[in-house]
Amino acid sequence: MKPLTDQEIRAAFVNCTKGEAKRLSVPRDLAERPWGDLDFFGWRDPQAPDRAYLAIELDGRLVALALRCSSAASWQMRRSMCSMCVTTHTGGVSLMVAAKAGRAGRQGNSVGAYICSDLACSLYVRGKKDAGVGARLHESLTLEEKIQRTVVNLAGFIAKVTA
């Protein structure tokens with residue numbers, strides 16, 4: 001992924017107003033992110049633990065989503081699998097819900113998916129971050145195929161949000 005600027009990220013949100021995009025918390029250390037290892041850029045809001053955001057380039061266009069995250073609960077200490085990168089975690093996967101774009105979102109419609117709580121799917125797939133013993137299932141897919149699967153899964157989620 002190419003490095004992104006604060007302005008590019010804020011302009012790419014499809015499921016919140018321009019005012020909300022202007023007020024949301026974008027990390028200040030964008031220049032220090034491992035852009036070469038990212039298929040999408042995701043982050044949690046340090047001031048609002050129930051909020052997360054992600055940005056990905058699809059078909060040459062940057063798309064960003066505002067997400068709501070479930071709060072920590074005792075059931076989350078069970079082993080769960082991320083629906084984007086297929087990494088299993090004990091307590092490290094959250095239900096993330098995105099308001100649908102446009103009129104449907106204004107009417108309260110939303111779409112959810114189970115995603116790595118820290119949104120570091122790209123790093124888990126590449127083995128740059130460890131989710132613990134048994135986190136990565138043995139697969140015959142190449143690294144490129146695993147990366148492609150993660151991007152396709154995320155693109156499918158975004159398509160549901162923007163439909």
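Here is a short report on the structure shown in this document. (Residues numbered from 1 in each chain as written. Predicted model: local features only at pLDDT ≥ 70, side-chain atom pairs only at ≥ 80, totals over all residues. Heavy atoms only, no water.)

1. Quick look at the environment of Thr-87
- Tracing the backbone shows Thr-87 in the loop between β4 (79–81) and β5 (88–90).
- Accessibility expressed as a relative area gives 1% for Thr-87, which makes it buried.
- Sequence separation between Thr-87 and Cys-116 is 29 residues, and the spatial gap between their C-alpha atoms is 7.8 Å. (Helix = DSSP H or I, 4+ residues; strand = E, 2+ residues; numbered from the N terminus. Buried < 20%, exposed > 50% of the residue type's maximum accessible area, 1.4 Å probe, protein only.)

2. Side note on the sheet that holds strand β7 (residues 110–116)
- Across the sheet, five strands lie side by side as β1-β2-β3-β6-β7; this open sheet has antiparallel pairing. Each edge of the sheet is formed by a strand with only one pairing partner; in this case those strands are β1 (41–45) and β7. Each strand axis lies, on average, 30° off the axis of its neighbour in the sheet, ignoring direction.
- By the bridge criterion, seven bridges tie strand β6 (residues 93–99) to β7 in an arrangement that is antiparallel. Residue pairing for β7: Val-93 is matched across the bridge by Cys-116.
- Sheet contacts for helix α5 (residues 143–162): β2 (48–58), β3 (61–69), β6 and β7; angle to β2, the most-contacted strand, approximately 105°. (Pairing = 2+ DSSP bridges. Axes fitted to C-alpha atoms, helices over the stretch in contact; angles between N-to-C directions. Contact = heavy atoms within 4.5 Å.)

3. Focus on the pattern of salt bridges
- The full count for this structure, using the stated rule, is eight salt bridges.
- Lys-2 serves as the salt-bridge partner of Glu-8, at 3.1 Å between the closest nitrogen and oxygen.
- With a shortest N-O distance of 3.1 Å, Asp-50 and Arg-68 are connected by a salt bridge. Here the residue Asp-50 occupies a position in strand β2, and Arg-68 occupies one in strand β3, the gap between them amounting to 18 residues. (Salt bridge = Lys/Arg side-chain N within 4 Å of Asp/Glu carboxyl O.)

4. Digging into the packing of aromatic side chains
- Within this structure, the stated rule accounts for four aromatic pairs.
- For the pair Trp-35 and Phe-41, a centre-to-centre distance of 5.0 Å together with 50° between the ring planes defines the contact as tilted. Of the two residues examined, Trp-35 and Phe-41, each falls in the buried class.
- Here the aromatic rings of Trp-43 and Tyr-53 are separated by 5.3 Å at their centres, their planes lie at 35°, and the arrangement is tilted. Separated by 10 residues along the polypeptide, Trp-43 in strand β1 and Tyr-53 in strand β2 bring together distant segments of the chain. (Phe/Tyr/Trp six-rings, centres within 6.5 Å; stacked < 30°, edge-to-face > 60°.)

5. Some words on the side chain of Asp-45
- Among the secondary structure elements, Asp-45 is positioned in strand β1.
- Buried within the structure, Asp-45 lacks any salt-bridge partner; its nearest side chain of opposite charge belongs to Arg-51, at an N-O separation of 5.2 Å.
- In terms of polar contacts, Asp-45 uses its side chain to reach the backbone amide nitrogen of Gln-47, at 2.9 Å.
- Setting aside anything within four residues of it in sequence, one finds Asp-45 in contact with Ser-25, Arg-51 and Tyr-53. (Lys, Arg positive; Asp, Glu negative; His and termini not counted. Polar contact = N/O pair within 3.5 Å; in protein donor to acceptor, adjacent residues only side chain to side chain.)

6. Notes on unusual backbone geometry
- Backbone geometry places Val-86, a non-glycine residue, at a positive phi of 60°.
- With respect to the helices and strands, the residue Val-86 is situated in the loop between β4 and β5.
- Given a relative accessible area of 15%, Val-86 falls into the buried group.

7. Here we look at the pairing of β6
- Sheet analysis places β3 next to β6, joined by two bridges and oriented antiparallel. Bridge pairing in β6 places Arg-68 opposite Val-97.

8. Remarks on the environment of Leu-123
- Among the structural elements, Leu-123 can be located in helix α4 (residues 121–125).
- By relative accessible area, Leu-123 is classed as buried at 19%.
- Filtering out sequence-adjacent residues up to four positions away, Leu-123 remains in contact with Pro-34, Asp-37, Leu-38, Lys-128 and Lys-129.

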